Amino acid sequence: MKINLQDLVLNTKTLKAGQKILLSGVIYTARDAAHKRMITMLDSEEKTPIDLINATIYYCGPTPAKPGAVIGACGPTTSSRMDAFTPRILKEGVKVLIGKGARSNDVVSSIKENSALYFVATGGVAALISKTVKRADLIAFEDLGPEAIYRLEVEDMSLIVAIDSFGNIVKSL
């Protein structure tokens, strides 16, 4: 099923755990260090480098692009590393999370409470995922290297709904 992110964030209740989708739209990469900085900024009432309202965050640290490529390998990072930050990020308006692996009970509750979604991308296929990226721009925290925040425009990124907005979980996580 092809899904446009712009439409999805307006109605996250349309997808159910276990569904396979092809996602297109704008997503932002952010791993542990970027999450920590954004939480610090929020705690200090500073503006974050990306608008978190209806945002999609992909737990990924892309490698540098080879000549002629848009981006290097960009596979998912283990999502549980962001669990301490996720409830706050969701409360601030993020609607879609992408990573790999299981999430804590607190995160599942927060996904349900905030009508969000958690997708899993297949680990080990970072080079294939990079082919779905049509544009990549460094947005913030350049000093973090691969953990900087990038704005990615993706087309037909293959994902599975791992946790739906009702809190239902795919059993094989």
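Parameters at a glance
Residues numbered from 1 in each chain as written. Predicted model: local features only at pLDDT ≥ 70, side-chain atom pairs only at ≥ 80, totals over all residues. Heavy atoms only, no water. Core = buried A, V, L, I, M, F, W, Y, C linked by side-chain atoms within 4.5 Å. Buried < 20%, exposed > 50% of the residue type's maximum accessible area, 1.4 Å probe, protein only. Helix = DSSP H or I, 4+ residues; strand = E, 2+ residues; numbered from the N terminus. Salt bridge = Lys/Arg side-chain N within 4 Å of Asp/Glu carboxyl O. Arc of directions from axis to C-beta. Contact = heavy atoms within 4.5 Å. Phe/Tyr/Trp six-rings, centres within 6.5 Å; stacked < 30°, edge-to-face > 60°. Lys NZ or Arg CZ within 6 Å of the ring centre and 35° of its normal. Expected span 1.5 Å × (residues − 1).

J.: How should I be thinking about the nonpolar core in this particular structure?
T.: In summary, soluble globular proteins display a tendency toward joint burial of nonpolar side chains. One finds Met 38, Ile 57, Val 94, Leu 97, Ile 111 and Ile 149 to be the most contacted residues of the largest nonpolar core, which totals 29 residues. Sorting the residues of this core by element identifies α2 (32-43), α3 (86-91), α4 (105-113), β5 (117-120) and β7 (149-163) as the ones contributing at least two each. With 5 residues, the single largest contributor to this core is α2. Formed by 24 residues, the second largest nonpolar core is a distinct cluster that contains Leu 8, Ile 21, Ile 27 and Cys 74.

J.: When you look at the pattern of salt bridges in this model, what are you seeing that I'm missing?
T.: Two side chains that carry opposite charge are able to pair once their charged atoms sit near each other. Across all of its chains, the model carries 9 salt bridges by this definition. Notably, a salt bridge pairs Asp 137 with Arg 135, separated by 2.7 Å at the nearest N-O pair. The class for Asp 137 is partly exposed, based on a relative accessible area of 23%. Overall, the relative accessible area of 44% leaves Arg 135 in the partly exposed class. Residues participating in the shared-partner salt-bridge network are Asp 43, Arg 88 and Glu 92.

J.: Any chance you could explain α4 here in plain terms?
T.: Regarding α4, the residues found buried are Val 107, Val 108, Ser 110 and Ile 111. Down the axis of α4, the smallest arc covering the buried residues is 165 degrees, so these residues share one side. Turned more than 90 degrees away from the buried face of α4 sit Asn 105, Asp 106, Lys 112 and Glu 113, all of them exposed. Tucked inside the fold, the buried residues of α4 contact α3, β4 (96-99), β5 and β7. Looking one or two residues past α4, Ser 115 carries a phi angle of roughly 50 degrees, positive in sign.

J.: Whenever I open this one, the packing of aromatic side chains confuses me. Can you help?
T.: Two descriptors summarise a pair of aromatic rings, namely the distance from one centre to the other and the angle between the planes of the rings. Under the counting rule described, the total for this entry stands at 0 aromatic pairs. Above the ring of Phe 166, the side-chain terminus of Lys 13 is found at 4.8 Å from the ring centroid. Cation over ring: Arg 103 sits above Tyr 118, and NZ or CZ is 4.9 Å from the ring centre.

J.: I'm lost on the side chain of Ser 24 in this one. Help?
T.: Looking at the element boundaries, Ser 24 is found in strand β2 (residues 20-29). The exposure class assigned to Ser 24 is buried, which follows from its relative accessible area of 17%. Those residues within four positions of Ser 24 in sequence are excluded, and the remaining contacts are Ile 3, Asn 4, Leu 5, Val 154, Glu 155 and Asp 156.

J.: Just to check I follow, could you spell out the side chain of His 35 for this structure?
T.: Mapping His 35 onto the fold places it in helix α2. Those residues in contact with His 35 that lie beyond four places of it in its chain are Ala 30, Ile 57, Tyr 59, Met 82, Phe 85 and Ile 89.

J.: Which parts of the structure should I look at to understand the environment of Thr 122?
T.: Within the secondary structure, Thr 122 sits in the loop between β5 and α5 (126-130). Distance in space between the C-alpha atoms of Thr 122 and Ala 55 is 21 Å, their sequence separation being 67 residues.

J.: I'm lost on α2 in this one. Help?
T.: At 3.6 residues per turn, the α-helix brings residues three or four places apart onto the same side. A rise of 1.5 Å per residue sets the reference length of α2, with its 12 residues, at 16 Å; its end C-alpha atoms lie 16 Å apart and thus fit the reference within 8%. Where α2 is concerned, the buried positions are Ala 34, His 35, Met 38, Ile 39, Met 41 and Leu 42. The arc that holds every buried residue of α2, seen down its axis, measures 160 degrees, which confines them to one face. In α2, the exposed positions angled more than 90 degrees off the buried face are occupied by Lys 36 and Asp 43.

J.: Is there a simple way to explain the environment of Gly 68 in this structure?
T.: By the secondary structure assignment, Gly 68 is in the loop between β3 (56-58) and α3. Between the alpha carbons of Gly 68 and Val 154 there is a distance of 17 Å; along the sequence they are 86 residues apart.

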